[in-house]
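Listed below, chain by chain, are the residues.
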Amino acid sequence: MEKLVPTAYSYIRFSTPDQIKGDSLRRQLEASSRYATEHNLTLDKTLNVRDLGVSAFTGTNFQSGALGQFITAIDDGRVAPDSFLLVESLDRLSRLPVTEALAIFQSIINRGITIVTMIDSAVYNKERLKNDWTPLLIALVSMSRAHEESAVKSRRVKAAWDAKKVRVKANKEVMSGRCPWWLKTSADNKKYEVIEASADIVRLMFNLAKDGLGNMAIAKYLNARNIPPAQHAKLWGNSSTQFNLRNIAAIGVLQLDQDNNGRTTTNTFIEDYYPAVVDKTLFYEVQALRNERGRTKSTGAGRKGHCYNMFQGTATCGYCGSSMYLRRKPGINSGFLYCAKSLQGGGCIEVSYNMRQLETEFLKFTKELNLAHVLSDTSMSDSLAAKRSELAACTGQLAELQIKMNNLITAIESGADVNALVQRSRDVEGQINDHKKRQLLLQSEVETLINIGTSDQAFVENLSDLMEQLASKETDLDEKYRLRFRLLSEVQKLVFRLDLYPGGITKTPEQLTKLVLELETFGYTEGRIANYISQVQTKPDRKARFFLAHMRNGIKRTVVNGEVLDTNLNNESQTQL
């Protein structure tokens, strides 16, 4: 019987992607091919056993790379137990500590695979090592040397990187050519410069977010206008929008030690490192708005064509207290607010409130309302004073921490217990960064409270102007969509709840029966009772619609067709007996 020719697999690995441009790949491939030819082996080219740009020092090639997949292929029967694994040297398999590298080495040969190193033609397999363990000593020395070389290199790279970070913190030195996509390094590589066209896109994104648009809404807005996406992406998406709106580099702050997902692995911040392209107040206002939206995500908002519910989270059903949900009928560019209970078949009045009519009535209502009185809030000055006090305390604590840090640096330079002092300085540095971040946030909150407290009239004019633009026929649909997002936050500054009565005040047959019994108890005659009942509204009437506005300062106003009534309507009839 003809003897089968053993199959050989060439395992190729190098650590950095840049090495693919060099000679490493060609050299390893040629060595494997030459060995297979000289020893009558069939070199398999169908199974991918390459870890290009994958580290063996961290064990990634074994844990999730091609080497680990090769071992799985043996267990699955796709690689025969008598096969050969050709590697340039043992350090291609692993650069882990000796005990861990030996475990990987044994996991391969114990499965019947013969490992051959091209650099010295050394052969390692289970049968040979059973009778002669001398090659194993050579392998252990090779593994030890490989790990030590990588460890030394890692320490040197880390030391160089740590030294550079010290210079970055002290002198704001340009760290690398990699920077936010709206910036570039100067010709002399000593500073960062703003790419204005890209920075304008970032500013637009923050302004859209301030108007209330979410990640996907912003992405659609940018894509619809063919605004080029960041870096090499084809289109704007949810993740790219979210990343840019959270990126503190927009206000010039560098976050050191980020992982591949942009998350900070330490708490090291360097202020004024980059040129700021977004105002700090706007940045933190957007963060606050987005955090609030995250907490109230269950309110059921959503875009329906070009119709957006600017009363989201504010409008409730006056009859049962349920939330009102926006629905849009086909072919009609207008939304309708429905009671959630009625949509679920819960028995509430199934009458909708036309969104356009509500907007018109609300505009008329706000024009006639004494907004300065409604917006006045004695707690505003107290809140501002409290925030200013908190900011002063934070600033004072930061100053004390800076003094501590200077003292520690002086002690380190004097040659005291360096190790202990360095650890203490790291702890203090972390506290300083925490306080700097807190200080930035408090400064933004103080500025926001000052603006709110001193610009009631500006708020009145802004709200009226936005409502006028929304009502104007000259405003296109896309702009009206954006206006409704902006009005969402403005409406919530004015009212905390709108009770909608789209069918007016009505009474059910059960309520009428109960009312007749009550009137009979009070001694009214049958004629007077019949006359009264004939005037009571028993069916929903859209013409009788109204809403009850609960203002921010506790005032309530009943609004019918935009007109404010002197008294509040309720579920009892206003008809006099």
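Just so it is clear, the model here is predicted, and its values are computed rather than measured. (Residues numbered from 1 in each chain as written. Predicted model: local features only at pLDDT ≥ 70, side-chain atom pairs only at ≥ 80, totals over all residues. Heavy atoms only, no water.)

K.L.:
Give a description of the state of the cysteines that names residues and reports values.
P.N.:
Considering all chains together, one arrives at zero disulfides under this definition. In this structure C320 is not part of a disulfide, and its nearest cysteine sulfur, from C339, lies 3.5 Å away. On the basis of relative accessible area, C320 is assigned to the partly exposed category, the value being 31%. (Disulfide = S-S within 2.5 Å. Buried < 20%, exposed > 50% of the residue type's maximum accessible area, 1.4 Å probe, protein only.)

K.L.:
So what about the packing of helix 7 (residues 196–210) against helix 9 (residues 238–246)? Which residues, and what values?
P.N.:
It is at 10 Å that the axes of helix 7 and helix 9 come closest, and there the two elements cross at 95°. Considered as vectors, helix 7 and helix 9 are oriented roughly perpendicular to each other. Taking contact as the criterion, the partners of M205, F206 and A209 in helix 7 are, on helix 9, T241, N244 and L245. Residues belonging to the contact of helix 7 with helix 9 are distributed by class as follows: four nonpolar, two polar and no charged. (Axes fitted to C-alpha atoms, helices over the stretch in contact; angles between N-to-C directions. Helix = DSSP H or I, 4+ residues; strand = E, 2+ residues; numbered from the N terminus. Parallel < 35°, antiparallel > 145°, perpendicular 65-115°, else oblique. Contact = heavy atoms within 4.5 Å. Nonpolar A, V, L, I, M, F, W, Y, C, P; charged D, E, K, R; others polar.)

K.L.:
Explain the sheet that holds strand 14 (residues 335–339) to me, using residue names and the numbers behind them.
P.N.:
Here three strands make up an open sheet; going across it, the order is 13-14-15 and the pairing antiparallel. Here the strands that pair on one side only, and so sit at the sheet edges, are strand 13 (324–328) and strand 15 (353–354). Of the pairings in the sheet, the one linking strand 13 to strand 14 comprises five bridges and is antiparallel in character. Bridge pairing in strand 14 places R328 opposite G335. (Pairing = 2+ DSSP bridges.)

K.L.:
Requested: an account of helix 18 (residues 509–521), with residues and values cited.
P.N.:
If you check helix 18, its first and last C-alpha atoms are 19 Å apart, about what 13 residues at 1.5 Å a residue would give, namely 18 Å. L512, L515 and L519 are the residues of helix 18 that are buried. Looking down the long axis of helix 18, one finds its buried residues gathered within 60° of arc, a one-sided arrangement. Exposed residues on helix 18 whose side chains face more than 90 degrees from its buried face are E510, K514 and T521. Elements in contact with the buried residues of helix 18: helix 19 (526–535). (Expected span 1.5 Å × (residues − 1). Arc of directions from axis to C-beta.)

K.L.:
Lay out the nonpolar core in plain terms, naming residues and giving numbers.
P.N.:
By size, the foremost hydrophobic cluster in this structure holds 38 residues, and its most contacted members are W182, F206, I218, L222, W236 and V278. Of all the secondary-structure elements, those providing two or more residues to this core are helix 7, helix 8 (215–224), strand 11 (269–270) and helix 10 (280–295). For V278, the contacting residues outside a window of four places in its chain are V202, R203, F206, A250, I251 and F283. In terms of nonpolar packing, the next biggest core, distinct from the first, is built from 35 residues, L483, V495, F547 and L548 among them. (Core = buried A, V, L, I, M, F, W, Y, C linked by side-chain atoms within 4.5 Å.)

K.L.:
Summarise the sheet that holds strand 17 (residues 546–551); cite the residues concerned and give the values.
P.N.:
Pairing between sheet strands relies on hydrogen bonds along the backbone, with the strands arranged either parallel or antiparallel. Reading across the sheet, the five strands line up as 12-16-17-18-19 and stay open at both edges, with mixed pairing between neighbours. Looking at the sheet topology across the chains shown, the edges are occupied by strand 12 (315–317) and strand 19 (563–564). Pairing analysis gives three bridges linking strand 12 to strand 16 (residues 495–501), with the strands arranged parallel. By the bridge assignment, C317 is partnered in strand 16 with L500.

K.L.:
How would you summarise the pattern of salt bridges if you had to cite specific residues and measurements?
P.N.:
For the coordinates displayed, the defined rule picks out 14 salt bridges. The residue R92 makes a salt bridge to E88 at a minimum N-O spacing of 2.8 Å. A relative accessible area of 13% means that R92 is categorised as buried. The partner of R356 in a salt bridge is E359, and the shortest N-O contact between them spans 3.7 Å. Here E359 and R356 lie together in helix 12 (residues 355–368), a separation of three residues that amounts to about one turn. (Salt bridge = Lys/Arg side-chain N within 4 Å of Asp/Glu carboxyl O.)

K.L.:
Give a description of the confidence of the model for the protein that names residues and reports values.
P.N.:
Looking at the protein as a whole, its pLDDT mean stands at 77, while 75% of the residues score no less than 70. Averaged pLDDT values for the elements of the protein fall to 54 in helix 13 (residues 371–375) and rise to 93 in strand 5 (residues 84–87). The low-confidence segment residues 567–577, where pLDDT is below 50, has 23 contacts with residues more than four positions distant or belonging to other chains. (pLDDT = per-residue confidence, 0-100.)

K.L.:
Which residues make up helix 9, and what values go with them?
P.N.:
Residues of helix 9 that are buried include every one of T241, N244 and L245, and no others. Looking straight down helix 9, one finds that the buried residues subtend no more than 95° of arc, so they occupy a single side. Of the residues in helix 9, the exposed ones pointing more than 90 degrees away from the buried face are S239 and R246.

K.L.:
Can you explain the environment of R388? Please cite residues and give values.
P.N.:
Topologically, R388 is positioned in helix 14 (residues 378–413). With 57 residues separating them along the chain, R388 and E445 place their C-alpha atoms 9.2 Å apart.

K.L.:
I'd like a rundown of the side chain of S198, residues and numbers included.
P.N.:
As for its position among the elements, S198 is in helix 7. Residues within four places of S198 in sequence aside, it is in contact with W181 and W182.

K.L.:
Pulling in residues and values, what's your account of the packing of helix 7 against helix 8?
P.N.:
Interhelical geometry of helix 7 versus helix 8 gives an angle of 135° and a closest axis separation of 10 Å. The pairing of helix 7 with helix 8 is recorded here as oblique in orientation. Viewed along their axes, helix 7 and helix 8 form a crossing whose handedness is right-handed. Where helix 7 approaches helix 8, its residues L204, M205, L208 and A209 are matched on the opposing element by I218, Y221 and L222. Looking at the contact of helix 7 with helix 8 residue by residue, the class counts come to seven nonpolar, no polar and no charged. (Left-handed = near helix turned anticlockwise from the far one by under 90°.)

K.L.:
I'd like a description of unusual backbone geometry, backed by residues and values.
P.N.:
Excluding glycine, residues mostly have negative phi values, and the peptide bonds linking residues are mostly trans. Located in the positive-phi region is N40, a residue other than glycine, with phi close to 55°. Examined against the element boundaries, N40 turns out to sit in the loop between helix 1 (24–38) and strand 3 (42–44). One non-glycine residue, N226, lies in the positive phi region at around 55°. Locating N226 in the fold gives a position in the loop between helix 8 and helix 9. You can call N226 exposed: its relative accessible area is 69%.

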